[in-house]
Amino acid sequence: MNVSVSAAEGCKSAEVRRLQSDADRVLTGVFAEFTSASPRERQRMLEAVSDYSLQHQAHLAEFARVLETAPSELSTAAKDLHYPSTGVLLQHELGYGKSAADVLTRLGKLLESREYPVLAAAVESGTVSNQQAGVIVRKLDSWRKKQDAEFLLLADKSAVEFAEGSEDARAWKPESLEKAMRAWYYEQHPEEAELTTAEQWEQRECFGRMLQDGRVKIDAVIPADEGAAVLQFLDANASPKARFGAPNGDPDQDQRTRTQKMADAFMLAFTTAAKTKETSTQGGAAPTLLVTVPIREIHNYAAGTPAVARVSRTQELVPVAEAAKIICDGAVQVAITDNLGNVMNLGRTQRLFTPTQRRALNATYPECATTGCDIPAVWCEAHHVRWWSHGGRTDLDNGINLCNFHHHQVHQQHLNIVRDPPTQKWKAVRVIRR
């Protein structure tokens, strides 16, 4: 008896191996022909491969069901096979991450219990992917705690229709499917949309921490509406055609990555907000960053050698040229110390150009004042021609509009500010190295 059982088991394993070999042969032929196929043939190939992939996923969900329900000596088949759970078995044997393995395990239980019959049938027949089914079952499980059976049956049917698509609409990808289900739910229960908005507002949070190399990492969770506005701002400034931060305002010269553009846009939004009167005060004044510069570093900087300053919030060392730009941009106080760290001179707090002065500057300099740069004034930063840190006044005749890129260039001494003889306006020109 044991011999015949072993032989049967070996026969089934051999059939699976042959099936795998046949699939490999067929798919290899499809992929080889795809390169020379017509668009119509490619569409048919795409549909065939997609159907095969979905059917394969359906078999995996059924395999998870069998693992959970098959008779076993140690409570589950997974434990019989020396794994603590079905999820862990799937992680090791299929190479899945934990979340994907947990989804597959849940789908296996769904195929057994059929508590969401429409979804179970769709998983079984391979008309939805396991990723789509995972989104649906997670949402239905969360609604099950507070909704009746009639509502869940309607939600089950509607969600699967979203996932499968139709002749007039493509199937929804998992991320979009989750949003569609949430929107559908709020259409059925508009009162909960208001409650959710209030909860999101209560749960908003933001954290900032300094990394080992001195950089700062910001993590924030904000309500959906405000979050959408933030993302729209970041997306607009991270697009391939975005001019903010691009050299000479020319997107074609911009070598930054999308995430670098987003970081620059984030810093722009912060520095702009920090200058307004609406932000909170510290000690009765606008938030003021203290920059400490030892006297020896001032001598080094004057001599054209590398020099550093220390910023108070993080105690990180930054180049003096970068500190000078920070001082020019925002509310900063400079402390000059001797070589032992004793404060020799505590400078004035930076007084920013007033809104009236900014409007006047924008009228005088409607674009970045660097030759050849046409970044509009609304994206520019007001720069002191004679630097504030060098005693420059916050007067219109000492002000000029520079885009973020060229503002850095000035403080790195790659650009000089000079008078334009015909107009008597300031302009930024390239430093000529001799």
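Structure first, text after, so check above.
(A) Expanded view of the overall build of the protein chain. Looking only at helices and strands, the protein chain features 16 helices and 11 strands. Buried positions account for 33% of the 434 residues belonging to the protein chain. Partitioning the contacts of the protein chain with sequence separation of at least 6, the portion at a separation of at least 24 is 48%. Roughly 27000 Å² of accessible area belongs to the protein chain as shown, and the carbon and sulfur atoms make up 56% of that amount.

(B) Main features of the pairing of strand β10 (residues 415-420). Of the pairings in the sheet, the one linking β10 to strand β11 (residues 425-430) comprises 6 bridges and is antiparallel in character. When the bridges of β11 are listed, L415 appears paired with R430. The hairpin turn running from β10 into β11, its antiparallel successor, is 4 residues long, and Q424 in that turn takes a positive phi close to 60°.

(C) Expanded view of the state of the cysteines. Applying the stated criterion to the full structure yields 0 disulfides. Not part of a disulfide, C368 finds its nearest cysteine sulfur in C373, a span of 3.9 Å. Overall, the relative accessible area of 5% leaves C368 in the buried class.

(D) Fine view of the side chain of D254. You can see D254 is positioned in the loop between α11 (224-238) and α12 (258-274). A polar atom in the side chain of D254 sits 2.7 Å from the side chain of R256. The residues contacting D254, other than those within four sequence positions of it, are A242, A246, P247 and K261.

(E) Summary view of helix α8 (residues 149-164). The end-to-end C-alpha distance of α8, which contains 16 residues, comes to 23 Å, matching closely the 22 Å that a straight helix rising 1.5 Å per residue would cover. Taken as a whole, α8 has its buried residues at F151, L152, A155, D156, S158, A159, V160 and A163. In this structure, the buried residues of α8 make contact with α6 (117-125), α7 (130-144) and α9 (174-188). Residue G165 follows α8 closely and has a positive phi angle near 75°.

(F) Spatial organisation of the pattern of salt bridges. The full count for this structure, using the stated rule, is 17 salt bridges. One salt bridge in this structure joins R65 and E112, with 2.8 Å as the shortest N-O distance. A residue pair is termed long-range when its members are at least 10 positions apart, and R65 in helix α2 (residues 39-69) and E112 in helix α5 (residues 98-113) qualify at 47 residues. In this structure, K217 and D219 form a salt bridge, with 4.0 Å as the shortest nitrogen-oxygen distance. For K217, a relative accessible area of 35% translates into the label partly exposed.

(G) A look at unusual backbone geometry. Residues other than glycine seldom take positive phi values, yet H82 does so here, at roughly 75°. When you line up the elements, H82 lands in the loop between α3 (77-80) and α4 (86-94). Although it is not a glycine, Q413 adopts a positive phi angle of roughly 65°. Position of Q413 relative to the elements: it lies in the loop between α16 (404-411) and β10.

The rules behind the values
Residues numbered from 1 in each chain as written. Predicted model: local features only at pLDDT ≥ 70, side-chain atom pairs only at ≥ 80, totals over all residues. Heavy atoms only, no water. Helix = DSSP H or I, 4+ residues; strand = E, 2+ residues; numbered from the N terminus. Buried < 20%, exposed > 50% of the residue type's maximum accessible area, 1.4 Å probe, protein only. Contact = heavy atoms within 4.5 Å. Areas by Shrake-Rupley, 256 points an atom, 1.4 Å probe, with all protein chains shown as cover. Pairing = 2+ DSSP bridges. Disulfide = S-S within 2.5 Å. Polar contact = N/O pair within 3.5 Å; in protein donor to acceptor, adjacent residues only side chain to side chain. Expected span 1.5 Å × (residues − 1). Salt bridge = Lys/Arg side-chain N within 4 Å of Asp/Glu carboxyl O.

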